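# Report on the structure
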Amino acid sequence: MRQFKNSDGQMMIGDLRATELAERFGTPLYVTDENAVRENYRRIKGAFKPYMPVRVHYACKANAALAILRVLQQEGSFIDAVSIGEVDSCLRAGFPPERILFTGVNVSNRELEALVNRKVMINIDSFSELRRLAEISDRPKISFRVNPGVGAGHHAHVVTGAKSTKFGIPKDEIVRAYDEALEHGFIPFGLHAHIGAGVQEAAPFVEVTEVLVNIMNQIEDDLGLKLDVLDIGGGVGIPYHPDDKAMDLDSFASEVTSRIKGKCTARTIAVEPGRYIIADTTVLLTSVVDVKQTPDKRFCGVDAGFNTLIRPAFYGSFHHVAVANKFERTADTLYDVVGPICETGDFLAKDRLLPKVDEGDLIAVYDTGAYGFTMASNYNMRGRPREVLVKDTSASVIREAESLDDMLRLERIPTRLMI
Ligand code: LLP
């Protein structure tokens with residue numbers, strides 16, 4: 001959880017008051033601090049760099065705003081992309097295709113053709129995908145995603161490395177996949193696994209690294225192929241709760257790289273953080289529109305619901321909330337912070353102590369940069385909110401609020417219904 005500056009009882013984002021941003025741009029509003037994005041990128045890259053060459057592939061499923069991609073492009077980041085839409089957004093933000101690795105699951109032939117045309121690297125998930133890719137005459141740079149049988153994550157829905165999931169090629173068959181790739185004329189450059197998301201300790205990463213090293217050695221022994229890149233995937237968690245401890249990145253990097261260096265052919269480690277780079281850079285600002293006391297509960301009703309931030313409703317995720325315009329006041333009153341969606345599951349926070357809130361107050365929901373906007377929807381015909389990027393004292397709109405026209409642009413009423 002990032003600590004925000006306080007100025008006369010007001011929450012500051014960069015050098016700007018949260019309340020000023022809300023007045024100027026309206027709410028709900030996602031506000032990202034550019035300096036924080038750059039710091040996070042540099043911190044994770046810097047943790048590995050003393051030990052071995054590292055590629056940081058930003059997992060842009062976490063937040064694919066063009067301006068944020070541009071910031072990371074300037075930092076020299078690589079990309080983990082999962083769809084043609086993400087690949088094309090990254091190309092538009094200025095990423096060269098050589099810095100984009102596509103890791104898909106259930107990838108169609110159309111997507112494979114589009115990827116080959118765009119000359120990005122492809123991380124193959126199945127024998128079927130390999131064979132279908134081999135039908136296309138080009139031989140792009142490829143690696144394979146193995147299912148390592150090591151899974152972890154903050155919720156069952158995001159554990160990807162366990163044996164029972166749909167992801168990757170089972171580890172007992174992976175050497176055969178490389179053999180077949182060589183027969184088809186590909187020269188694979190790496191091996192990849194992704195255990196899951198929101199992992200707060202180093203142990204499962206170390207475990208998966210050992211699995212990957214063993215596989216690399218088997219590939220060298222059986223096929224004489226020397227893979228260069230060992231990719232441990234993403235999933236590094238962040239402390240969402242004030243009592244959570246941040247992972248010690250330096251010891252994490254040291255432990256993981258010590259299992260690789262001199263133990264297999266890999267000279268480069270790749271990591272694919274999404275959440276770690278972007279989650280704590282962003283707050284969701286939402287206005288209190290209604291305060292309701294019922295016999296059971298006190299509700300703080302705000303203008304953002306699970307259409308704007310679905311993580312609490314979908315995963316039961318915890319996001320810290322604060323009252324931005326009463327930043328120093330004692331939190332002594334218990335609230336559920338709830339939105340305007342017609343479902344009881346529409347909550348941002350439950351049973352939280354806040355300073356006594358009034359209509360017109362401004363709530364800040366923390367750590368919403370990852371899987372916040374990207375998972376937002378138009379449910380109940382509400383437009384997705386504006387996004388703003390702050391750098392020191394300046395604030396720029398990086399995405400406009402969606403209007404009704406934007407939402408209806410693709411709809412058609414058949415003329416026969418209009419007569
Ligand atoms: N690499 C691969 C292959 C992935 O599938 C993912 C995330 C990442 C990297 C980045 O994971 P991260 O470092 O951001 O944890 N919607 C969920 C998270 C789903 C993650 C899916 N894959 C959430 O809101 O927690």
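### Let's talk about the overall build of the protein chain
- Per the secondary structure count, the protein chain includes twelve helices and 21 strands.
- Relative to its length of 419 residues, the protein chain is compact, with a C-alpha radius of gyration of 23 Å against a globular reference of 22 Å.
- The principal-axis extent of the C-alpha atoms belonging to the protein chain is close to 70 × 65 × 40 Å.
- Looking at the protein chain as a whole, 55% of its 419 residues qualify as buried.
- In the protein chain, 68% of the contacts between residues at least 6 apart in sequence involve partners at least 24 apart.
- As displayed, the protein chain offers around 18,400 Å² of accessible surface, 48% of which is attributable to carbon and sulfur atoms.

### What about the domain arrangement of the protein chain?
- Under the domain assignment, the protein chain is made up of domain 1 (6-32 + 279-408) and domain 2 (34-275).
- Between domain 1 and domain 2, the residue contacts involve 23 residues of the former and 23 residues of the latter.
- Counting the surface domain 1 buries against domain 2, the share from its top three residues, Tyr315, Phe318 and Tyr371, is 26%.
- The interface formed by domain 1 and domain 2 holds zero salt bridges in total.
- Where domain 1 meets domain 2, there are ten residue pairs in polar contact (both at pLDDT 80 or more).
- Contributing elements (two or more residues each) for the side of domain 1 that touches domain 2: helix 11 (311-315) and strand 20 (386-391).
- Take the side of domain 1 that touches domain 2: its biggest share by element is four residues, from strand 20.
- Residue classes in the side of domain 1 that touches domain 2 are distributed as nine nonpolar, eight polar and six charged.

### Concerning the site of the ligand
- Around the ligand lies a shell of 19 residues, among which His154, Glu272, Arg311, Tyr315 and Tyr371 are the nearest.
- The side chain of arginine 311 places a nitrogen or oxygen atom 2.6 Å from an oxygen atom of the ligand.
- Considered on its own, the ligand offers 590 Å² of accessible surface; in the complex 91% of this is hidden by protein.
- Here the shell around the ligand is built from residues that sort into seven nonpolar, six polar and six charged.
- Two domains share the shell around the ligand, each providing at least three of its residues, namely domain 1 (6-32 + 279-408) and domain 2 (34-275).

### Considerations on unusual backbone geometry
- Following threonine 27, the chain continues to proline 28 via a peptide bond in cis, the omega torsion being -5 degrees.
- Relative to the assigned elements, proline 28 resides in the loop between helix 1 (18-25) and strand 4 (29-33).
- With a phi close to 60 degrees, lysine 119 is a non-glycine residue in the positive phi region.
- Here lysine 119 shows up in the loop between helix 5 (109-118) and strand 8 (121-124).

### Some details on the sheet that holds strand 3 (residues 16-17)
- Strand order in the open sheet formed by three strands is 1-2-3, with antiparallel pairing between adjacent strands. Lying at the two open borders of the sheet, with one neighbouring strand each, are strand 1 (6-7) and strand 3.

### Regarding the pattern of salt bridges
- Following the criterion strictly, the structure yields 20 salt bridges and no others.
- In this structure, aspartate 358 and lysine 356 form a salt bridge, with 3.3 Å as the shortest nitrogen-oxygen distance.
- Connected via shared salt-bridge partners are Glu34, Arg38, Arg42 and Glu75.

The rules behind each value
- Residues numbered from 1 in each chain as written.
- Predicted model: local features only at pLDDT ≥ 70, side-chain atom pairs only at ≥ 80, totals over all residues.
- Heavy atoms only, no water.
- Helix = DSSP H or I, 4+ residues; strand = E, 2+ residues; numbered from the N terminus.
- Rg over C-alpha atoms; globule rule 2.2 N^0.38 Å.
- Buried < 20%, exposed > 50% of the residue type's maximum accessible area, 1.4 Å probe, protein only.
- Contact = heavy atoms within 4.5 Å.
- Areas by Shrake-Rupley, 256 points an atom, 1.4 Å probe, with all protein chains shown as cover.
- Domains from an automatic or database assignment.
- Buried area = accessible area lost by both parts, 1.4 Å probe.
- Salt bridge = Lys/Arg side-chain N within 4 Å of Asp/Glu carboxyl O.
- Polar contact = N/O pair within 3.5 Å; in protein donor to acceptor, adjacent residues only side chain to side chain.
- Nonpolar A, V, L, I, M, F, W, Y, C, P; charged D, E, K, R; others polar.
- Near = heavy atom within 4 Å.
- Pairing = 2+ DSSP bridges.

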